[in-house]
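These are the residues of each chain, in order.
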Amino acid sequence: RQLAPYPPHKMARLFTFCVLLSFLVCLTVSKSAKKNKDPEFEAFKAEVNKKKEKWSHVEEGLHAEAFDLIASGETLTFERKLDKHFSCSFTYAAKPINVTDEEWRMALTISPDGSAYSCHVYCDERQGLSSEVAFNAFHLKVKGDATRYGYTEVYRDPDNKLAQEEYNVDEEKLEVSQVDGKFGKRLSAVVIVTGMPVNHEEL
């Protein structure tokens, strides 16, 4: 016996019913998942989001910002700009000792009278007294209208400066970098202070 074909209008109703049923099932599962969140997974997500949000502080005459210093052996650069007159770049290559990355900070400042700028790159002291990576190379350079060299300080750890023979300062290019073969691969802070050109009309 040949079966009679299913009426088209009933097929349409059946299809609509199946779609609505699937939607209700998905909605129920979604609400259940929201009510029964895994505390460990939620804590993990919060920690990941926290790591993505890097510390920064910006106000008139100051730009300070945290960045991840990656000890991968590759040459990497972190650069920031304070204003149209001054910017600073920190280029480095480092390998891990106890950690593969650590948080560093860069702070760019201008003196109250606008005559001097500084760039300070340093290891975030919250994670320890000094950096725990080995630097193969580092290079701190300032750019912009500040063309007069002031002074440079380079630290192995918060209490000890690098020996003078471990680094070289180019006062004309306003940059400081390691001396290959003499640099001891330890670094925790570098700072360069520069001045704006002298206006002879004001003298």
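Now for a look at the structure at hand. (Residues numbered from 1 in each chain as written. Predicted model: local features only at pLDDT ≥ 70, side-chain atom pairs only at ≥ 80, totals over all residues. Heavy atoms only, no water.)

1. Quick word on the nonpolar core
Defined as follows: Working definition of a nonpolar core: buried Ala, Val, Leu, Ile, Met, Phe, Trp, Tyr and Cys residues. They are joined through side-chain atoms within 4.5 Å. Relative accessible area decides the class of each residue, using a 1.4 Å probe on protein chains only: under 20% of the type maximum gives buried, over 50% gives exposed, and in between gives partly exposed. Numbering of helices and strands starts at the N terminus; helices are DSSP runs of H or I of at least 4 residues and strands are runs of E of at least 2. When checking whether two residues touch, look at their non-hydrogen atoms; a contact exists if any pair is within 4.5 Å.
Membership of the largest hydrophobic core comes to 33 residues, with the highest contact counts inside it found for F90 and F135. At the level of elements, strand 2 (62–70), strand 3 (75–83), strand 4 (86–96), strand 5 (101–110), strand 6 (116–123), strand 7 (133–144) and strand 12 (189–195) are the ones that each hand at least two residues to this core. Those residues within four positions of F135 in sequence are excluded, and the remaining contacts are L69, F90, Y92, A93, A94, W104, F183, K185 and L187.

2. Some thoughts on the packing of aromatic side chains
The cut-off we apply is this: The rule is short: rings of Phe, Tyr and Trp, with Trp giving its six-membered ring, pair when the centres are within 6.5 Å, and they are stacked under 30 degrees, edge-to-face over 60, tilted in between. For a Lys NZ or an Arg CZ to count as sitting over a ring, it must be within 6 Å of the ring centre and within 35 degrees of the ring normal.
Throughout the structure, instances matching the rule amount to seven aromatic pairs. Taken together, a centroid distance of 4.6 Å and an interplanar angle of 20 degrees make the contact between F86 and Y117 stacked. In this pair, F86 is assigned in strand 4 and Y117 in strand 6, connecting sequence segments 31 residues apart. Each member of the pair, F86 as well as Y117, carries the same accessibility label: buried. On the numbers, 6.5 Å between centres and 70 degrees between planes, the contact of Y92 with F135 is edge-to-face. Of this pair, Y92 sits in strand 4 while F135 sits in strand 7, placing them 43 residues apart in sequence. Residue classification places F135 among the buried residues on the basis of a relative accessible area of 0%. In this structure an aromatic cluster arises from ring pairing among F90, Y92, W104 and F135. Its end group placed over the ring of W55, R105 keeps NZ or CZ at 3.8 Å from the ring centre.

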